[in-house]
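# A look at the structure
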Amino acid sequence: QVQLVESGGALVHAGGSLRLSCAASGRIFSINDMGWFRQAPGKQREWVAGITSGGSANYSDSVKGRFTISRDNAKNTVYLQMNSLEPEDTALYYCNAAVRTWATLRHVDYWGQGTQVTVSS
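In this text, all values refer to a predicted model and were calculated from it rather than measured experimentally.

### Quick notes on the environment of Ala57
Tracing the sequence through the fold places Ala57 in strand β6 (residues 57-59). By relative accessible area, which is 32% here, Ala57 ends up partly exposed. A C-alpha to C-alpha distance of 13 Å links Ala57 and Gln81, two positions 24 residues apart in sequence. With residues up to four places along the chain from it excluded, the contact list for Ala57 reads Gly50, Ile51 and Ile69.

### Let's talk about the pairing of strand β8 (residues 77-82)
β8 sits mainly inside the fold: five of its six residues count as buried. The pairing of strand β3 (residues 18-26) with β8 spans six bridges and is antiparallel. For Ala23, the partnering residue across the bridge sits in β8 and is Thr77. As paired strands, strand β7 (residues 67-72) and β8 are joined by six bridges and run antiparallel to one another. Within the sheet, the bridge partner assigned to Phe67 lies in β8 and is Met82. Counted along the chain from β7 to the antiparallel partner β8, the turn is four residues long, and its residue Asn76 has a positive phi close to 50°.

Reading guide: rules and limits
Residues numbered from 1 in each chain as written. Predicted model: local features only at pLDDT ≥ 70, side-chain atom pairs only at ≥ 80, totals over all residues. Heavy atoms only, no water. Helix = DSSP H or I, 4+ residues; strand = E, 2+ residues; numbered from the N terminus. Buried < 20%, exposed > 50% of the residue type's maximum accessible area, 1.4 Å probe, protein only. Contact = heavy atoms within 4.5 Å. Pairing = 2+ DSSP bridges.

See below:
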């Protein structure tokens, strides 16, 4: 009923920038928190950044000051601007959203399929 589709992943050199996007579609009534997670090969998925429906943002210590999360509520889309990229940022990036559909009374977590970010040294 709900799909999250990420885009924007690519191969970049260290110090470069990328902007990830994640658009939610389907029978959406409302979206609460949205966020980004990442998973590097051989590691567990980790939280990167989150943003409330009102626009309050939080970041993991590893990306604070380099990444910026934002959202467009009219488009049901969340973005992740990534600057000063480091090889350690290489991972599959997933978006997450707490979505209430027209068929439910509560918000449920949905995940995208991921977009690959590779940072070369």
